[in-house]
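What follows is each chain in one-letter form.
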Amino acid sequence: MDWGQGRYERIAEQLLPAAEQLIAVAAPRPGETVADLGTGTGNGALLAAERGARVIGIDPAERLLSVAAERARQRGLDLDLRVGAAEEIPLEDGSIDLVTSILGVIFAADAEAAAAEMARIAAPAGRIVLSAWIPAGPISAVARIGREAVAAATGAQPGPPPFPWHDREALAGLLGPHHFSVALEERSLSFRGTSPGEWLEEEVRFHPMRAAAAGVLSEAAMDEVARRSLEILEAANEDPGAFQATSRYVIATATRGG
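Model, not experiment: these values are computed from the prediction. (Residues numbered from 1 in each chain as written. Predicted model: local features only at pLDDT ≥ 70, side-chain atom pairs only at ≥ 80, totals over all residues. Heavy atoms only, no water.)

This next bit is on the packing of helix 7 (residues 196-206) against helix 9 (residues 219-236). Direction vectors running N to C along helix 7 and helix 9 enclose 135 degrees, while the axes themselves pass 9 Å from each other. The orientation of helix 7 relative to helix 9 falls into the category oblique. Both helix 7 and helix 9 take part in a crossing whose hand is right-handed. The segment helix 7 lies against helix 9, with P196, G197, W199 and L200 engaging A226, S229, L230, L233 and E234. Looking at the contact of helix 7 with helix 9 residue by residue, the classes come out as six nonpolar, two polar and one charged. (Axes fitted to C-alpha atoms, helices over the stretch in contact; angles between N-to-C directions. Helix = DSSP H or I, 4+ residues; strand = E, 2+ residues; numbered from the N terminus. Parallel < 35°, antiparallel > 145°, perpendicular 65-115°, else oblique. Left-handed = near helix turned anticlockwise from the far one by under 90°. Contact = heavy atoms within 4.5 Å. Nonpolar A, V, L, I, M, F, W, Y, C, P; charged D, E, K, R; others polar.)

In structure tokens:
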């Protein structure tokens with residue numbers, strides 16, 4: 001999955017409130033070293049840097065790191081931006097006071113490897129704060145339709161279900177062997193547009209997952225995905241005069257001991 005496809009910066013604008021919520025919970029302190037995994041266009045990294053932290057942003061998409069670098073320049077902030085993946089983080093052992101990931105590490109292909117890497121780079125008293133979608137609601141259903149269509153078009157065999165990063169017990173099982181305890185808080189994020197159709201059109205144009213799907217699906221299959229997606233969004237619309245749909249997510253805080 002190439003997150004540099006499409007125009008993820010437009011998607012990231014919608015996710016900024018989730019970044020603000022996570023950084024408020026994580027509360028990076030001046031002088032702390034923060035590693036932001038899946039930093040993308042830098043939403044969380046910039047917020048942490050504004051609090052006086054030294055921030056290292058890690059992302060596999062070079063184009064998005066360029067966007068983050070320009071945003072930092074415009075704000076007069078310093079970010080250390082590096083190409084890398086959660087399963088193989090380019091940082092030294094025990095070098096990070098706070099590891100953050102805003103709806104990012106949840107896309108790691110190997111959850112156990114990502115957890116081991118986060119634990120490895122965390123300082124002895126370090127903490128990990130990440131957010132994860134709760135797989136329910138209309139936006140989740142629309143995403144699932146796209147994934148299923150791509151799987152059908154490529155003939156991909158069903159794999160194991162994705163790791164449930166939103167589940168406290170699952171997270172405790174993942175991070176517990178690395179001596180972390182986990183606490184969860186639930187939050188919600190509203191997606192808005194002038195209409196369900198307009199929101200879906202922008203999603204198709206800009207989201208990297210939609211861009212990837214367009215390279216696989218036939219025009220007829222794309223039309224069918226759009227039709228089914230629009231039905232879901234119209235049925236779930238919370239704003240009769242425009243469009244609003246709410247997704248729930250969790251913020252997980254992992255600390256060593258306790």
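Back to the write-up after that little detour.
Moving on: the pattern of salt bridges. All told, the structure shown has 14 salt bridges when counted by the stated rule. Here E202 makes a salt bridge to R10, at a shortest N to O gap of 3.1 Å. Of this pair, E202 sits in helix 7 while R10 is found in helix 1 (residues 8-26), placing the two residues 192 residues apart along the sequence. Residue class for E202 comes out partly exposed when judged on its relative accessible area of 26%. We note a salt bridge from R120 to D93, for which the minimum N-O separation is 2.6 Å. (Salt bridge = Lys/Arg side-chain N within 4 Å of Asp/Glu carboxyl O. Buried < 20%, exposed > 50% of the residue type's maximum accessible area, 1.4 Å probe, protein only.)

It is worth spelling out the layout of surface pockets at this point. Estimated volume of the second largest pocket: approximately 160 Å³. R10, I11, E13, Q14, R192, G193, T194, E198, W199, E202, E203 and F206 are the residues that line the second largest pocket. Contributing elements (two or more residues each) for the lining of the second largest pocket: helix 1, strand 6 (180-193) and helix 7. In terms of residue count, helix 7 provides more of the lining of the second largest pocket than any other element does, five residues in total. Among the residues forming the lining of the second largest pocket, the class breakdown is three nonpolar, three polar and six charged. (1 Å grid on protein atoms, 1.4 Å probe; cavity = no way out; pocket = protein on both sides within 12 Å on 5 of 7 lines; lining within 4 Å. Points joined across faces, edges and corners; volume = space filled by probe spheres on them.)

So, about the packing of aromatic side chains. Counting across every chain of the model gives five aromatic pairs. Geometrically, the ring pair formed by W199 and F243 is tilted, given 5.6 Å between the ring centres and 40 degrees between the ring planes. On the criterion of sequence distance, the pair formed by W199 in helix 7 and F243 in strand 7 (residues 243-256) is long-range, its members being 44 residues apart. Accessibility classification places W199 together with F243 in one group, the buried group. Of the aromatic side chains, those joined through ring pairs into one cluster are W133, F191, W199, F243 and Y249. (Phe/Tyr/Trp six-rings, centres within 6.5 Å; stacked < 30°, edge-to-face > 60°.)

For helix 6 (residues 168-175), the set of buried residues is A170, L171, L174 and L175. In an axial view of helix 6, the angular spread of the buried residues amounts to 120 degrees, which keeps them on one side of the axis. Looking at the buried residues of helix 6, the elements they touch are helix 4 (111-121), strand 5 (122-133), strand 6 and strand 7. (Arc of directions from axis to C-beta.)

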